[in-house]
Structure formats: C-alpha cells, structure tokens
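# Chain and residue survey
Here's the letter readout for the chains.
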Amino acid sequence: MNDNLTLFTVSPDISVRDALKKIDENKKGFLIVIDNEDTVLGTLTDGDVRRAFLKGASVDDSVEGLYTRNSKCLKQADGIPKATEMFKNESIKFLPIVDDEDRLLNVITKNQMHALLLQDIHADLGYDFMSLDEGIVDYEIFQRPWGFYKTTVMNDYFQSKIISVNPMSQLSLQSHNHREEHWIVAHGVGTVQIDQSIIDVHCGSSVFIPKGAKHRLTNTGDKESLIVTEVQIGDYFGEDDIIRYEDNYGRI
C-alpha cells in the first residue's frame, strides 16, 4: 500500500474518537477501513459518524459497526474511463482503488478526477492523485466594481471565465502581453472596443481580442447584465498581465 494512504486508512477496531481525528487531519471527510493485509472492508465518512451519533453511538465505540461495507471500488485495471463513469453517480465522492484481491492500492476523489481532466493530465490509476491541485475545480466568484467573473477552467495553456457586467457598466480599457482572448456573448447587449474600432454585440456575438490589442467591454443595457464567456490562450494568465489605460474606478 502507498505510504501516502496512511492518513486515509483505519482498522475496524479504531475508536470513533480516533477516526474523527484522522478525518479532521486528512481534510477529505472519509476513511477506508482495511484489515491487516490491506484488504478493503468498507468506508467510513463523517456522515456515517454523524448518523451513528444520532442513534446513540459514543466517541469511545469502535467503528466496527459504523462503516459502510461493500462500498464501491475501482480495480487497478479499470482505468480512468471507468472512474469517470462511476463518478457520474452523485452519491460517489471518492473511490478506493484495489488489486484483484481487493487490497488497497490508491484512492481518488471526484474533485481530483475533475482536476486531472481539466489539466489534461494523462494518468493511470496508479497516479499520485493527492498531489493534484483541487482548487482548479472550485474557483471563487471574484467581485469587481463593474460586476463579477468566475474562472471555470485554468491550466498551463488556456483559461476560461464567465464575465458578468452590470447594466451601464464597463471594464477598463486594457491590453495583455501574454494572452489572446476569445469572447462569446451569452446574454445582454453591449459594445466591444478593440484598439480604435467599436463593435456592437448581442447574444451569440463572438469577438477575437489579439494579444497586445487595447480592448474594453461595455454593457449598454440599462436593466440586464451583459454575460460573456471568455477563453484565454497564451503562456501566462495572471491578473498582473493587465495593462490599464483608462478606468472608471481609479485602478490605473
């Protein structure tokens, strides 16, 4: 068994108290119950423990009668496509990976699967999934004076965003040295400035912003947000690759 799995495995005779400490330490919300030969007996989640407490269990009880037996597992030979298919079941948040004798070899979570696919990492079920940055799956919404944006995908060679511009608001006039941008308007009406040109846009409009071009997005509607999907292609996607020339909010 991989040494990295020790934070995720327990024996069935461990106390609920110690199991909760381990769940708190691994920050994944689950444990895999194994025997002395690393054979998977079942799984224990923080939800299992909560339900046990509601039925009168004590922190000094063992997890023997609390964990879920016959839990779903992946065989090592199943491959990533099988894992993707199994994760379509909303109730499955993680999957132990076992050999033909059901001995634990690895574990993968749904978020790790999504991070693997979004970053275009080609891997088998022996990959060190715990090394993945799961933050790529759950980017926050970032508020701006003109509205908000949410990154949906980011890897080494492209980034995609949803941009929502408030009525009668506009982004700064800006350019980028490291990326080009492709916009598709999903809702609303507005204008796009590219260097000296002004283009009227509406739902379904597509716009290409070349690297280095000065550009600005404006919502000309007075009631509805202007919503744009954006794909950036380049070699760097940091917010510090924004050169502002004009801005309504004093950010130059």
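Please read all numbers here as calculations on a predicted model, not as lab measurements.

Across the sheet, six strands lie side by side as S8-S9-S10-S17-S12-S15; this open sheet has antiparallel pairing. Every other strand in the sheet has two partners, leaving strand S8 (141-144) and strand S15 (206-209) as the edge strands with one partner each. Within this sheet the neighbouring strands show an average axis-to-axis angle of 20°, counted without direction. In terms of strand pairing, strand S12 (residues 179-187) meets S15 through four bridges, oriented antiparallel. In the strand pairing of S15, isoleucine 184 is matched with serine 206.

This part is about helix H3 (residues 79-86). Among the residues making up H3, those that are buried are Gly79, Ile80, Ala83 and Met86. The buried side chains of H3 occupy one side of the element, clustering within an arc of 145° when seen end-on. Summarising the contacts, the buried residues of H3 are in contact with strand S5 (74-75), strand S6 (94-98) and helix H4 (110-118).

With that out of the way, let us pick up the nonpolar core. One finds Ile163, Val165, Trp183, Val192, Val207, Leu217 and Val228 to be the most contacted residues of the largest nonpolar core, which totals 16 residues. Only strand S10 (158-165), S12, strand S13 (190-194), S15 and strand S17 (226-234) provide two or more residues apiece to this core. Filtering out sequence-adjacent residues up to four positions away, tryptophan 183 remains in contact with Val192, Ser205, Ser206, Val207, Ile209, His215, Leu217, Val228, Thr229 and Glu230. Counting 14 residues, the second largest nonpolar core, distinct from the first, contains Met86, Ile97, Leu116 and Leu125.

Positive phi values are uncommon outside glycine, yet asparagine 70 reaches one of about 55°. For asparagine 70, the location among the structural elements is in the loop between strand S4 (68-69) and S5. Among the residues examined, asparagine 70 registers a relative accessible area of 77% and is labelled exposed. For aspartate 102, which is not glycine, the phi dihedral falls at a positive 65°.

Glancing now at the pairing of strand S16 (residues 215-219). When you tally the buried positions in S16, you get five out of five residues, the bulk of the element. Alternating positions in S16 separate into two faces, His215, Leu217 and Asn219 on one and Arg216 and Thr218 on the other, with burial throughout. As paired elements, S13 and S16 share five bridges and run antiparallel to each other. Its bridge partner lying in S16, glycine 190 is registered against asparagine 219.

Right, let's talk about the side chain of histidine 176 for a bit. Turning to its location among the elements, histidine 176 is positioned in the loop between strand S11 (173-175) and S12. Among the polar contacts listed, one links the side chain of histidine 176 to the backbone oxygen of aspartate 241, at a separation of 2.7 Å.

This part is about the environment of phenylalanine 129. Its location among the elements puts phenylalanine 129 in the loop between H4 and S8. The buried category is assigned to phenylalanine 129, whose relative accessible area is 1%. It is 47 Å that separates the C-alpha atoms of phenylalanine 129 and isoleucine 198, two residues lying 69 residues apart in sequence. Contact partners of phenylalanine 129, with chain neighbours within four places excluded, come to Ile80, Ile97, Asn106, Val107, Ile108, Gln112, Leu116 and Asp124.

Applying the stated criterion to the full structure yields five aromatic pairs. Between phenylalanine 30 and phenylalanine 94, the ring centres sit 3.7 Å apart and the planes meet at 5°, which makes this aromatic pair stacked. Here the residue phenylalanine 30 occupies a position in strand S2 (residues 30-34), and phenylalanine 94 occupies one in strand S6, the gap between them amounting to 64 residues. Within the aromatic cluster, the residues linked to one another by ring pairs are Phe8, Phe30 and Phe94.

Going through the model one piece at a time under the given rule, you end up with 14 salt bridges. Measuring nitrogen to oxygen at the nearest pair gives 3.2 Å for the salt bridge that ties glutamate 85 to lysine 88. Shared partners join several salt bridges into a network, and the residues in it are Asp99, Glu101 and Arg103.

About the thresholds
- Residues numbered from 1 in each chain as written.
- Predicted model: local features only at pLDDT ≥ 70, side-chain atom pairs only at ≥ 80, totals over all residues.
- Heavy atoms only, no water.
- Pairing = 2+ DSSP bridges.
- Helix = DSSP H or I, 4+ residues; strand = E, 2+ residues; numbered from the N terminus.
- Axes fitted to C-alpha atoms, helices over the stretch in contact; angles between N-to-C directions.
- Buried < 20%, exposed > 50% of the residue type's maximum accessible area, 1.4 Å probe, protein only.
- Arc of directions from axis to C-beta.
- Contact = heavy atoms within 4.5 Å.
- Core = buried A, V, L, I, M, F, W, Y, C linked by side-chain atoms within 4.5 Å.
- Polar contact = N/O pair within 3.5 Å; in protein donor to acceptor, adjacent residues only side chain to side chain.
- Phe/Tyr/Trp six-rings, centres within 6.5 Å; stacked < 30°, edge-to-face > 60°.
- Salt bridge = Lys/Arg side-chain N within 4 Å of Asp/Glu carboxyl O.

Any link to function would need more than the numbers given here.
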